[in-house]
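# Architecture and fold: a report
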Amino acid sequence: MPSSTRPRAAAAVAGVLAAAVAALCLHGAAAQLCETYYDDTCPDAYNIVKQVLIDAHKSDVRIYASLIRLHFHDCFVQGCDGSLLLDGVPGVINSEKGAPPNNNSARGFPVVDKAKAALEGACPGVVSCADILALAAEISVELSGGPKWGVLLGRLDGTTADFNGASNLPAPFENLTVLQGKFKAVGLNDVDLVALSGAHTFGRVQCANIADAPADRLYNFSGTNRPDPTLDSAYRAFLSQRCPRNGNSMVLNDLDPTTPDIFDKNYYTNLEVNRGFLTSDQELKSSPQARGTTAPIVDQFARSQDAFFKSFAQSMINMGNIKPVTDPSVGEVRCNCRKVNDS
Ligand code: HEM
Ligand SMILES: *[C@@H]1O[C@H](CO)[C@@H](O)[C@H](O)[C@H]1NC(C)=O
Ligand SMILES: *[C@@H]1O[C@H](CO)[C@@H](O)[C@H](O)[C@H]1NC(C)=O
Ligand SMILES: *[C@@H]1O[C@H](CO)[C@@H](O)[C@H](O)[C@H]1NC(C)=O
């Protein structure tokens, strides 16, 4: 062996060892997520994702909102395993992208692909797609004026999708009891439910979610042939113009008309004056079941942006901890976020 290759071989061995060490965040005997997971194997991961998001935002002001929603829809289905990102393969993968909560609604997938491509260029085969979604969620909030937090990393990508699970994501027409149940099922409590719903401080929502059954709040709420009585009448008049009865269900509205693209506490001040967009939003404040449970949390966040930001950061970490795959015999680092490796 020529002597000149020896240092390189030694460096490669050292690199593999470093990777083997970095690839585990040990706490006692169990692997868990940690902030430093890529410090040795892809130290620029955060900045690489951030630059892709900043570039995407130049032609799409909505992209930050769309990306945090992808992390939510990923984590609530089989845990944060990148399952949402898998495209359909007949007979093998029934893509979550086609499930009602996602179909014609979940967006931002090409930007995730761009982040993946940039990361593969810098550190091939290292950063999972599930972690890209977690990083993109934090970066999106931060760049929109919201809180920063240390993103926990080290999730592997799963190899399956769950169409039925995705179809059972929390729905805009559901009442507080059902929403609490769906959050509790993934280990999240009332503070998490109220704080995470605060992500509806930015982004867009289609008219279908306020003007069409079963989510009709403007014309025939719960089959009453009346509007939802918990919807402010001036806001209802405004929304009825934008979303006429039997109109175009895909017309977009701001989830927070006061500051549509800024991550602030206005979601909660809107709820205080009956200007939540979705039933699932207003329920947190106005449901009879909200008294003594979620309503006081809404009130607190409406008063204090600091309290909201602190809770939001912690609840994002809690959501990001839903059933992560850390066992390499179960998960993998996908080369392409849309496909299982070797398929
Ligand atoms: C509590 C239960 C929730 C329900 C029922 C719900 C429902 C919805 C619905 C129906 C839309 C509009 C989709 C469309 O019209 O295409 C939406 C948008 C959005 N959701 Fe939620 N959501 C919930 C929780 C969350 C959570 C936990 C997050 C993130 C932490 C989140 C972030 C967003 C964002 C940012 C948008 C706007 C996306 C965009 O503009 O592309 N939501 N949500
Ligand atoms: C998604 O929506 C399109 C209409 O835009 C529809 O043709 C398609 O069947 C839907 N996908 C699924 C899986 O239902
Ligand atoms: C909430 O919705 C569920 C499912 O539709 C229903 O069974 C339940 O009675 C509702 N709860 C309240 C308090 O309205
Ligand atoms: C209102 O909703 C109820 C229950 O879904 C339905 O039976 C009724 O036909 C609707 N009314 C109109 C005018 O569409």
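Remember, it's a predicted structure, so these values are computed and weren't measured experimentally. (Residues numbered from 1 in each chain as written. Chains lettered and ligands numbered in written order. Predicted model: local features only at pLDDT ≥ 70, side-chain atom pairs only at ≥ 80, totals over all residues. Heavy atoms only, no water.)

What follows covers the domain arrangement of the protein chain. With domains assigned, the protein chain is organised as domain 1 (17-168) and domain 2 (176-318). Between domain 1 and domain 2, the C-alpha centre-to-centre distance is 25 Å. Each side of the interface is counted separately: domain 1 has 21 residues, and domain 2 has 19 residues. Buried area between domain 1 and domain 2, both sides added, is near 1,600 Å², and the carbon and sulfur share of it is 73%. Linking domain 1 with domain 2 are three residue pairs in polar contact (both at pLDDT 80 or more), by the criterion used here. Counting residues per element, the ones that place at least two in the side of domain 1 that touches domain 2 are helix H3 (63-75) and helix H5 (129-143). Here the side of domain 1 that touches domain 2 takes four residues from H3, the largest share from any one element. Looking at side-chain class alone, the side of domain 1 that touches domain 2 contains ten nonpolar, nine polar and two charged residues. (Domains from an automatic or database assignment. Contact = heavy atoms within 4.5 Å. Buried area = accessible area lost by both parts, 1.4 Å probe. Polar contact = N/O pair within 3.5 Å; in protein donor to acceptor, adjacent residues only side chain to side chain. Helix = DSSP H or I, 4+ residues; strand = E, 2+ residues; numbered from the N terminus. Nonpolar A, V, L, I, M, F, W, Y, C, P; charged D, E, K, R; others polar.)

It is at 10 Å that the axes of helix H8 (residues 190-197) and helix H13 (residues 295-303) come closest, and there the two elements cross at 45°. Between H8 and H13, the angle is such that the two are oblique. Crossing angle aside, the handedness with which H8 passes H13 is right-handed. Contacts between H8 and H13 involve Asp 190, Val 191, Val 194 and Ala 195 from the first element and Ile 297, Val 298 and Phe 301 from the second. A class-by-class count of the residues in the contact of H8 with H13 yields six nonpolar, no polar and one charged. (Axes fitted to C-alpha atoms, helices over the stretch in contact; angles between N-to-C directions. Parallel < 35°, antiparallel > 145°, perpendicular 65-115°, else oblique. Left-handed = near helix turned anticlockwise from the far one by under 90°.)

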